[in-house]
Amino acid sequence: MTKLVDLHCHILPYVDDGALRTEESEQLLDMLYLQGVRVICATPHLREKMFETPDEEIRAQFDELQAYAARRSYAVRLFLSREYHCDRLTRERMEQGSLLRMGAGNTVLLEFSQRHDYDYILSWIDDARTRGYQPLVAHVERYPALEGDLDKVSALIQKGAKLQMNAGSILGHEGLRQAKWSRRLLKESMIHVVASDCHDPVDRPPELDACQRYLRKKIGDACADALMRDNPMRILSTIDKEIIPHADNQVEAREEAL
Ligand SMILES: [Fe+2]
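Below: a short report on this structure. Quick caveat: nothing in here was measured; it's all calculated off a predicted structure.

## Details of the coordination of the iron ion
At 2.1 to 2.3 Å from the iron ion lie its protein donor atoms, namely His8 (NE2), His10 (NE2), Glu83 (OE) and Asp197 (OD). For the iron ion, the 4 donor atoms are set out with angles of 81 to 168° between them, so the coordination reads as irregular.

Below is the structure:
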């Protein structure tokens, strides 16, 4: 089984709207492991007035999950970062330089809201870069400010952003419209990372194995591996190595299939 990496998930319990209890968190880890995921970055929300759990508390839950993985003898590597909503609280931490980066690199996962406009998104990409962070935009397919506009998405990449897409969007679990937009972004090679964004075992479960099968069929093994393994691994280890949009000549050849 090819190793999968999940860079965006709400697997830690009691810290946001992800896993509710320890058992749910452990069940999510079991599910990810069964799907072939061997590297996981936990990304609890940080969002003003909604999810303000301090880093120390999420670290304590992270340690518990590590201990569970060890008890199960899982050959899995766990990392801790956060999904940062772009608001006043995140700005403060960004200015302090205290955002939790993914792995050994400088990447931070940035989330926008449905009401944020394009200029706001661009300005955050600029600010994050200026302060030495590599921005990875969470579920880029979801934002009304970008939907249907490839030029705007392309401009984000030009500005230095990396773009993450949710497996569920590709598989059509967020509706047909989002599936079509997601597949178009994939076809245009504008996505760098596919992740689960799983929240719980039932309503928002991880579906990386199904997504991997879908991508292998539609865009080929090399592109699927880039999105679900190689690029995420580069992000965890360093920002200096090139992260390739999944572009590959196979994509054009298989455009029709998507
Ligand atoms: Fe998320």
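## Digging into the sheet that holds strand β8 (residues 162-166)
Pairing is parallel across the open sheet formed by 6 strands, whose spatial order is β3-β5-β6-β7-β8-β9. Only two strands of the sheet have a single neighbouring strand rather than two, namely β3 (45-46) and β9 (193-195). Packed onto the sheet, helix α4 (residues 118-130) meets β6 (107-111) and β7 (134-137) and runs at close to 145° relative to β7. Seen against the sheet, helix α9 (residues 221-237) touches β6, β7 and β9 and runs at an angle of roughly 105° to β9.

## A short note on the pairing of β7
Covered by surrounding structure in β7 are Gln134 and Leu136 together with Pro135 and Val137, the residues of both alternating faces. As judged from the 4 bridges shared by β6 and β7, these two strands associate in the parallel manner. Paired with Thr107 across the bridge in β7 is Gln134. On the question of chirality, the crossover connecting β6 to the parallel β7 by way of α4 is right-handed. Alignment of β7 against β8, held across 2 bridges, turns out to be parallel. Residue pairing for β8: Val137 is matched across the bridge by Leu163. Handedness of the β-α-β unit built from β7, helix α5 (residues 150-158) and β8 comes out right-handed.

What counts and what doesn't
- Residues numbered from 1 in each chain as written.
- Predicted model: local features only at pLDDT ≥ 70, side-chain atom pairs only at ≥ 80, totals over all residues.
- Heavy atoms only, no water.
- Donors = N, O, S within 2.8 Å, 3.2 Å for Na, K, Ca; no water.
- Tetrahedral: all angles 85-135°; square planar, octahedral: opposite > 155°, others 65-115°.
- Pairing = 2+ DSSP bridges.
- Helix = DSSP H or I, 4+ residues; strand = E, 2+ residues; numbered from the N terminus.
- Contact = heavy atoms within 4.5 Å.
- Axes fitted to C-alpha atoms, helices over the stretch in contact; angles between N-to-C directions.
- Buried < 20%, exposed > 50% of the residue type's maximum accessible area, 1.4 Å probe, protein only.
- Right-handed = clockwise from strand over helix to strand, strands pointing away.

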